[in-house]
Amino acid sequence: AAAPPPGRHLFSEPAEVEALRGNLLAWYDRCKRDLPWRALAATEPDADRRGYAVWVSEIMLQQTQVATVIDYYNRWMQKWPTLQALAQASLEEVNELWAGLGYYSRGKRLQEAARKVVSELAGRMPRTAEDLQKLLPGVGRYTGGAIASISYGQATGVVDGNVIRVLCRLRCIGADSSSPAVIDHLWDMVNVLVDRSRPGDFNQALMELGATVCVPKAPLCGECPVKQHCQAWRRQLFGKRPAVPDVEDCGVGDCPLCPPATEPWDSSLGVTNFPRRAAKKPPRAMRTATCVLERRGCRGAPEYLIVQRPSSGLLAGLWEFPSLPLAQDLQEEKEGEELADHLQAWMGQPVAAKDLQLIGEVIHIFSHIHQTYVVYSLHLDGDVTLDPALSPSRWVTEEEFSASAVSTAMKKV
C-alpha cells in the first residue's frame, strides 16, 4: 500500500505529542479504574511475579469484558499465585477454573507457556515484547507489548480494539481498520506516542480511554482529555472539510487511510464514523442433538453422564452431555432417531427414539457459530457399560457437574 502523506493521519509535531501524553496520563491518574491486576503490577516488587500477574490478566481480557474477568482473575491468582504453581497444575484443573470464561484454548496455552518458562527459561519471564512473543505460546504482538511495557518498563506501544478506535478517531482514519495497512500504521503511531518514562501507564491510559470514554456508541467526547487533538471531534464541531485542502488534509485521492469515496462522512454519526470495518461474515448455523442420560445413584440422588471432548478444536478437553452434530438438511423428526442410533452404538445396548424425551432447544452463540442444541432426556433403570476407547466418561451429581470443566452452553442445557 502507498505510504500515507503527512498531515491528518500522523502525529508529526513533537509539541502535540508531548501535550497528548501529558493530558492523557493526568486523566488516567485521576480516573483509572481500581482493577486487581493493576494493584498487583503496582505493588509487586518481584519482576517475574509482576510479569506473571499482568500476563494472566491480558490473556483473560482477550475477547472478554473486564467485569467478567475480575472474579476469574482473583480466583486464578489465589489458586496459582506464581508461574511455578501454575506449571504444576493439571489441564483439568485449569479447564475447571476457566469454565464459563470462553475461548478455552487461552487457558491451555497459558499453562503450556508457564511450564516452558519453568522448564526451559529457569523460571524467568522474558523481559522484552520481542522475546515474549517469540518464546511464549499464546503471546502475540499485543500481549507481548502489554506485559513488557506494564511489567518491565519497555517503551513499546500496544494496539487492541480500544486503541484502534481511539487512534482512528484522533486521526480520521476511515479505511478498513482490520486491514494490514491500517494496523501497521496504528502500530507505528503508538510507538511514536508512547511515553518513554511511563510506557505501561500510557498504554493502559489509551486502552482505558477507549473502554470508558471513547466507546463505540455514544462516546463521551465532552469528558475526553485529548479531544483537542481529535480530528474527528473537530470535524463534528465544524462540519465538512473545506473544498480546498488545508495543511492537515491528505490532498490526494488514493490515500490508503482515508474513508473510501463510496462511504463519505455521515454528519449524523459524528465521531462514530470511525473506525470502519469490513462487513462481518454471519456466524454459521449448527444443530447438535444432546442427551442428558440420568440414573439413580447409589445414595439415591440422580446422576448424569458426561463425556470429554477431544483435546483439540472447539471447547477442547471440556466435558459435556453425550452429543451428536446434525446434518443441516436433516428433518427435525429424524433428529431423535439419529441420536438414538448414536447412543446405541456408543452404549452397546438398544436405545429407541421413542424412549428419548424431547425437552427443548438451547441456543448458544459462539464468535463464529450460531449453535442450537436439541436437548433430549433419557432415564436409565440399570447401569451401563461404556467403551472407554471412544471417549472418557463419568457419572456426576448435579453438584459435581457444576464443579466440572463444562462450558456455559452445557450449563444452559
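Residues numbered from 1 in each chain as written. Predicted model: local features only at pLDDT ≥ 70, side-chain atom pairs only at ≥ 80, totals over all residues. Heavy atoms only, no water.

Trainee: Summarise the pattern of salt bridges; cite the residues concerned and give the values.
Mentor: Inspection of every chain in the model, using the stated rule, returns 16 salt bridges. Residue Arg171 is joined to Glu16 by a salt bridge in which the shortest nitrogen-to-oxygen separation is 2.9 Å. Of this pair, Arg171 sits in the loop between α10 (161-170) and α11 (180-193) while Glu16 sits in helix α1 (residues 14-31), placing them 155 residues apart in sequence. Arg171 sits in the buried class, given a relative accessible area of 2%. Taken together, the shared-partner salt bridges in this structure form one network comprising Asp29, Arg198 and Asp201. (Salt bridge = Lys/Arg side-chain N within 4 Å of Asp/Glu carboxyl O. Helix = DSSP H or I, 4+ residues; strand = E, 2+ residues; numbered from the N terminus. Buried < 20%, exposed > 50% of the residue type's maximum accessible area, 1.4 Å probe, protein only.)

Trainee: So what's going on with the environment of Ile70? Which residues, and what values?
Mentor: Tracing the backbone through its elements, the reader meets Ile70 in helix α4 (residues 66-79). Residues Ile70 and Ser57, 13 residues apart in the sequence, show an inter-C-alpha distance of 8.8 Å. Excluding residues within four positions of it along the chain, Ile70 makes contact with Leu35, Pro36 and Trp37. (Contact = heavy atoms within 4.5 Å.)

Trainee: An account of helix α12 (residues 199-212) is requested, with residue identities and associated values reported.
Mentor: Compared with an ideal rise of 1.5 Å per residue, which puts 14 residues at 20 Å, α12 spans 20 Å between its outermost C-alpha atoms and is within 8% of the ideal. Burial runs high along α12: 11 of the 14 residues are buried. Looking at α12, one finds that the buried residues are Pro199, Gly200, Phe202, Asn203, Gln204, Ala205, Leu206, Met207, Glu208, Leu209 and Gly210. Summarising the contacts, the buried residues of α12 are in contact with α1, α2 (36-43), α9 (141-152), α10 and α11. (Expected span 1.5 Å × (residues − 1).)

Trainee: Lay out the packing of helix α3 (residues 47-61) against α4 in plain terms, naming residues and giving numbers.
Mentor: Between α3 and α4, the shortest axis-to-axis distance is 10 Å and the interhelical angle comes to 140°. By the angle between their directions, the pair α3 and α4 is classed as oblique. As α3 runs across α4, the sense of the crossing is right-handed. Taken together, the residues of α4 that come into contact with α3 (itself represented by Tyr52, Ala53, Val56, Ser57, Met60 and Leu61) are Val66, Val69, Tyr72, Tyr73, Trp76 and Met77. Grouping the constituent residues of the contact of α3 with α4 by class yields 11 nonpolar, one polar and no charged. (Axes fitted to C-alpha atoms, helices over the stretch in contact; angles between N-to-C directions. Parallel < 35°, antiparallel > 145°, perpendicular 65-115°, else oblique. Left-handed = near helix turned anticlockwise from the far one by under 90°. Nonpolar A, V, L, I, M, F, W, Y, C, P; charged D, E, K, R; others polar.)

Trainee: Give me the lowdown on the pairing of strand β2 (residues 302-308), citing residues and values where you can.
Mentor: In terms of residue burial, β2 counts as a mostly covered element, since five of its seven residues are buried. Direction of pairing for strand β1 (residues 284-296) relative to β2: antiparallel, over a ladder of three bridges. Following the sheet pairing, Glu294 is matched in β2 by Tyr304. Joining the antiparallel neighbours β1 and β2 is a turn of five residues, in which Gly300 adopts a positive phi near 90°. The pairing of β2 with strand β3 (residues 319-320) spans two bridges and is antiparallel. Pairing of Val307 across the sheet is with Glu320, part of β3. (Pairing = 2+ DSSP bridges.)

Trainee: Give a detailed account of the packing of aromatic side chains, specifying residues and quantitative values.
Mentor: Applying the stated criterion across every chain yields a total of five aromatic pairs. On the numbers, 4.7 Å between centres and 75° between planes, the contact of Trp76 with Trp80 is edge-to-face. For the pair formed by Trp76 and Trp80, the shared burial category is buried. Feature note: the residues Trp76, Trp80 and Trp98 constitute an aromatic cluster, connected by ring pairs. The lysine or arginine in question, Arg75, covers the ring of Tyr72, its NZ or CZ lying 4.8 Å from the ring centre. Lying over the aromatic face of Phe11, Arg171 brings its terminal NZ or CZ to 3.7 Å of the ring centre. (Phe/Tyr/Trp six-rings, centres within 6.5 Å; stacked < 30°, edge-to-face > 60°. Lys NZ or Arg CZ within 6 Å of the ring centre and 35° of its normal.)

Trainee: Explain the domain arrangement of the chain to me, using residue names and the numbers behind them.
Mentor: Each domain of the chain was delimited in the assignment, giving domain 1 (7-229) and domain 2 (284-403). With centres defined by C-alpha atoms, the gap from domain 1 to domain 2 works out at 39 Å. Listed by partner, the interface residues are six residues for domain 1 and 10 residues for domain 2. Interface area lost by domain 1 to domain 2 is led by Glu92, Asn95 and Tyr104, which between them contribute 64%. In terms of residue class, the side of domain 1 that touches domain 2 is made up of two nonpolar, one polar and three charged. (Domains from an automatic or database assignment. Buried area = accessible area lost by both parts, 1.4 Å probe.)

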